[in-house]
Amino acid sequence: MLEVRQLDAGYGDVQVLRGVSLDVAEGEIVSMVGANGAGKTTLIRTVMGTLAPMAGEIRFLGERIGGRAAHQIARLGMAQVMEGRRLFGHMGVEDNLRVGGDLLRDARRARDNLEWVYTLFPRLKERRQQLAKSFSGGEQQMLAIGRALMTSPRLLLLDEPSIGLAPIMVKDIFEKLPQISARGITILLVEQDVHRSLSFAQRGYVLEHGEVAMAGPAAALLADEGLRRAYLGV
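This section reports on the structure supplied with the text. (Residues numbered from 1 in each chain as written. Predicted model: local features only at pLDDT ≥ 70, side-chain atom pairs only at ≥ 80, totals over all residues. Heavy atoms only, no water.)

### Quick notes on the environment of Gly101
Defined as follows: Secondary structure counts use DSSP, requiring at least four H or I residues in a row for a helix and at least two E residues in a row for a strand, with both numbered from the N terminus. Buried means the residue's accessible area, taken with a 1.4 Å probe over protein chains only, is under 20% of the maximum for its type, while exposed means over 50%, and partly exposed covers the values in between. In this description, contact between two residues means that some pair of their heavy atoms is separated by no more than 4.5 Å.
Considering the arrangement of structural elements, one finds Gly101 in helix 3 (residues 93-102). We classify Gly101 as buried; its relative accessible area is 5%. Along the primary structure Gly101 and Asp172 are separated by 71 residues, whereas in three dimensions their C-alpha atoms are 24 Å apart. Residues in contact with Gly101, not counting those within four places in the same chain, are Ala110 and Met150.

Next up, the structure:
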């Protein structure tokens, strides 16, 4: 579904990613893990089109998308939940969700998606008229994920969904991932929380200093002694 080959990316003259290659197959949950500053968010931005690649190739559903605008990539079926969430704080929960549904241009599918999002996150339904800016960090993360799901994405990019959240909210959000996957949505999860993110994934990549240092089945990465010492303190 997603193929990244020898990707270089960065900001101005500062190169962050160097020769990054990865694959995400349809139906998978794949985790990209690494320390703060490893280049994880740069990778997500480049894949989603908010940052132009310096070199390399990105393909989504067989189409070359490197250098395309973010709204063009979104219409192909990719959605991103950005670090920091980027909600419309002055708008209510349901209005935020309907902004995502507007991308579909299909009122019936938008209604179906809204009901599913409310089933997935009952707290959003309970507070559907409440302003987004009054929500806690965890509630805002639920809303940001819900808004992305309203677009009926084929691929969902989750950028650091646990940052700044209470442990109970992190647990709740991660436990939704299998339900989202069961809906037929492929997930690329970018996270600092190595153990939690790999525990929910089929495969994983470890990014260090802008390069892929390790890759393989998630269970094998979790069992790797070097990774456990570096990231899990074991």
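### Overview of the pattern of salt bridges
The condition that has to hold: By salt bridge we mean one thing: a side-chain nitrogen of Lys or Arg within 4 Å of a carboxyl oxygen of Asp or Glu.
Scanning the entire structure with this criterion turns up 13 salt bridges. One salt bridge connects Asp23 with Arg5, and the closest N-O pair in it is separated by 2.7 Å. Placement of Asp23 in strand 2 (residues 14-24) and of Arg5 in strand 1 (residues 2-11) is noted, with a sequence separation of 18 residues between them. On the basis of relative accessibility, which here comes to 29%, the residue Asp23 falls in the partly exposed class. According to the relative accessible area criterion, Arg5 is partly exposed, its value standing at 34%. As a salt-bridge pair, Arg196 and Asp193 come within 3.3 Å of each other at their nearest N and O atoms. Among the ionic contacts, a cluster of salt bridges with common partners joins Glu57, Arg59 and Arg64.

### Quick notes on the packing of helix 3 against helix 4 (residues 107-120)
What counts here: Here the axes come from fitting lines to C-alpha atoms, over the contacting stretch only for helices, and the angles between their N-to-C directions go from 0 to 180 degrees. Angles are sorted into four bins: roughly parallel if under 35 degrees, roughly antiparallel if over 145, roughly perpendicular if 65 to 115, and oblique for all others. Should the near helix be turned anticlockwise from the far one by less than a right angle, the crossing is left-handed, and should it be turned clockwise, the crossing is right-handed.
At a minimum axis separation of 10 Å, helix 3 and helix 4 run at an interaxial angle of 135 degrees. Considering the angle they form, helix 3 stands oblique to helix 4. Helix 3 and helix 4 meet at a crossing whose hand is right-handed. Contacts between helix 3 and helix 4 pair Glu94, Leu97, Arg98 and Gly101 from the former with Ala110, Leu114, Val117 and Tyr118 from the latter.

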